[in-house]
Amino acid sequence: MSRIGRQPIPVPKGVEVTLEGTNVKIKGPKGVLGLCINERINLSYDNERILVNRINDSKRDKALHGLTRSLIANMVEGVTKGFEKRLNIVGIGYRAELKGDKLNFNLGYSHPIEFSLPKGINAKVEKQVNITIEGIDKQLVGEVAAKIRSFKMPEPYKGKGILYSDEKVRRKIGKAGIK
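All of these numbers come straight from a predicted model, not from anything done at the bench.

Visitor: How should I be thinking about the layout of surface pockets in this particular structure?
Guide: A probe matching the size of a water molecule, rolled over the atoms, marks out where space remains unfilled. As a volume, the largest pocket reaches approximately 180 Å³. Together, Leu33, Gly34, Leu35, Leu71, Asn74, Met75, Asp137, Lys138 and Gln139 line the largest pocket. Elements that contribute at least two residues to the lining of the largest pocket include exactly strand E4 (32-36), helix H1 (59-80) and helix H2 (138-149). Class assignment of the residues belonging to the lining of the largest pocket gives a composition of 4 nonpolar, 3 polar and 2 charged.

Visitor: What am I meant to see in the packing of aromatic side chains here?
Guide: Working definition: an aromatic ring pair is given by the centre-to-centre distance plus the angle between the planes. Summed over the entire model, instances satisfying the criterion amount to 2 aromatic pairs. When the centroid spacing of 5.7 Å and the interplanar angle of 70° are considered together, the rings of phenylalanine 115 and phenylalanine 151 count as edge-to-face. Placement of the pair is phenylalanine 115 in strand E10 (residues 113-116) and phenylalanine 151 in the loop between H2 and strand E13 (161-164), with a sequence separation of 36 residues. One exposure class covers both phenylalanine 115 and phenylalanine 151, and it is buried. Feature note: the residues Phe105, Phe115 and Phe151 constitute an aromatic cluster, connected by ring pairs. The residue whose ring lies beneath lysine 85 is tyrosine 164, and the NZ or CZ to ring-centre distance is 5.5 Å. Across the ring face of tyrosine 109, the terminal group of lysine 152 is positioned such that the distance to the ring centre comes to 4.6 Å.

Visitor: Which parts of the structure should I look at to understand the sheet that holds strand E7 (residues 83-90)?
Guide: Across a sheet, strands are paired by hydrogen bonds formed along the backbone, either parallel or antiparallel in direction. Here we have 4 strands laid out as an open sheet, ordered E11-E12-E7-E13, and antiparallel in their pairing. Looking along the sheet, the strands with just one partner apiece sit at the ends: strand E11 (121-126) and E13. Sheet twist, expressed as the mean angle between neighbouring strand axes with direction ignored, is 25°. One ladder, built from 6 bridges, connects E7 with strand E12 (residues 130-135); its direction is antiparallel. What sits directly across from glutamate 84, in E12, is glutamate 134. H2 contacts E7, E11, E12 and E13 of the sheet and is inclined by roughly 5° relative to E7.

Visitor: What am I meant to see in the pairing of strand E9 (residues 102-106) here?
Guide: Consecutive side chains of a regular strand alternate in pointing toward one face of the sheet and then the other. Both strand E8 (residues 95-99) and E9 contribute to a ladder of 5 bridges, which runs antiparallel. Paired with alanine 96 across the strands is phenylalanine 105, a residue of E9. Count of turn residues in the E8/E9 antiparallel hairpin: 2 residues, of which glycine 100 carries a positive phi of about 70°. Between the end of E9 and the start of E10, which pair antiparallel, lie 6 residues, with glycine 108 showing a positive phi angle near 90°.

Visitor: Can you help me understand the pairing of E10 in this one?
Guide: Burial along E10 is one-sided: Ile113 and Phe115 are buried, and none of Glu114 and Ser116, which face the opposite way, are. Two elements, E9 and E10, share 4 bridges in a ladder whose sense is antiparallel. Opposite phenylalanine 105, over in E10, you have isoleucine 113 as the bridge partner.

Visitor: Could you clarify how one ought to interpret the nonpolar core in this entry?
Guide: A general tendency of soluble globular proteins is for nonpolar side chains to be buried together. Formed by 21 residues in total, the largest nonpolar core has its most connected members in Phe105, Ile133 and Ile148. Only E7, E9, E10, E11, E12 and H2 provide two or more residues apiece to this core. Ranked by the residues each element gives to this core, the list is headed by H2, at 4 residues. Apart from the residues lying within four places of it in its own chain, the contact partners of phenylalanine 105 are Ile89, Arg95, Ala96, Pro112, Ile113, Phe115, Ile131, Ile148, Phe151 and Ile162.

Each value, and the rule that gives it
Residues numbered from 1 in each chain as written. Predicted model: local features only at pLDDT ≥ 70, side-chain atom pairs only at ≥ 80, totals over all residues. Heavy atoms only, no water. 1 Å grid on protein atoms, 1.4 Å probe; cavity = no way out; pocket = protein on both sides within 12 Å on 5 of 7 lines; lining within 4 Å. Points joined across faces, edges and corners; volume = space filled by probe spheres on them. Helix = DSSP H or I, 4+ residues; strand = E, 2+ residues; numbered from the N terminus. Nonpolar A, V, L, I, M, F, W, Y, C, P; charged D, E, K, R; others polar. Phe/Tyr/Trp six-rings, centres within 6.5 Å; stacked < 30°, edge-to-face > 60°. Buried < 20%, exposed > 50% of the residue type's maximum accessible area, 1.4 Å probe, protein only. Lys NZ or Arg CZ within 6 Å of the ring centre and 35° of its normal. Pairing = 2+ DSSP bridges. Axes fitted to C-alpha atoms, helices over the stretch in contact; angles between N-to-C directions. Contact = heavy atoms within 4.5 Å. Core = buried A, V, L, I, M, F, W, Y, C linked by side-chain atoms within 4.5 Å.

Structure, rendered in structure tokens:
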């Protein structure tokens, strides 16, 4: 059996779980998330936990078993605690500004970059160089953070660009260090 898939998912108080065929709907204090699961996976729910089971032991079903359990566990965590990603902007003159639901970036290009935040995502900008992306959907938070990072990837010579807060850039010495 899948080590991840066979673990029960604890459901904290204040979280409602609705199972309707292949649809799962989880409602919590931060919001509502839904997921359509594969018909080869069975879910059972008592008031304390969710159990994920598979129909047979084919390779595909084993993969779906662990995946489904992880997705549902992330949904439960998202509606209770939420998720966040932190980004740092490194470089002279590089900055970000939040106006409503749009992030404006000055990243050394000839034009500013304007990014509209998708529904369900909140952002905070501190000191014009620290960005925090928050939301209840783990996948969407990660996608938005990756999209923002792609505007100016960190470069290895001076370390300038947009980095995750825990990211380390491997620095190169350049042509002057070869002598």
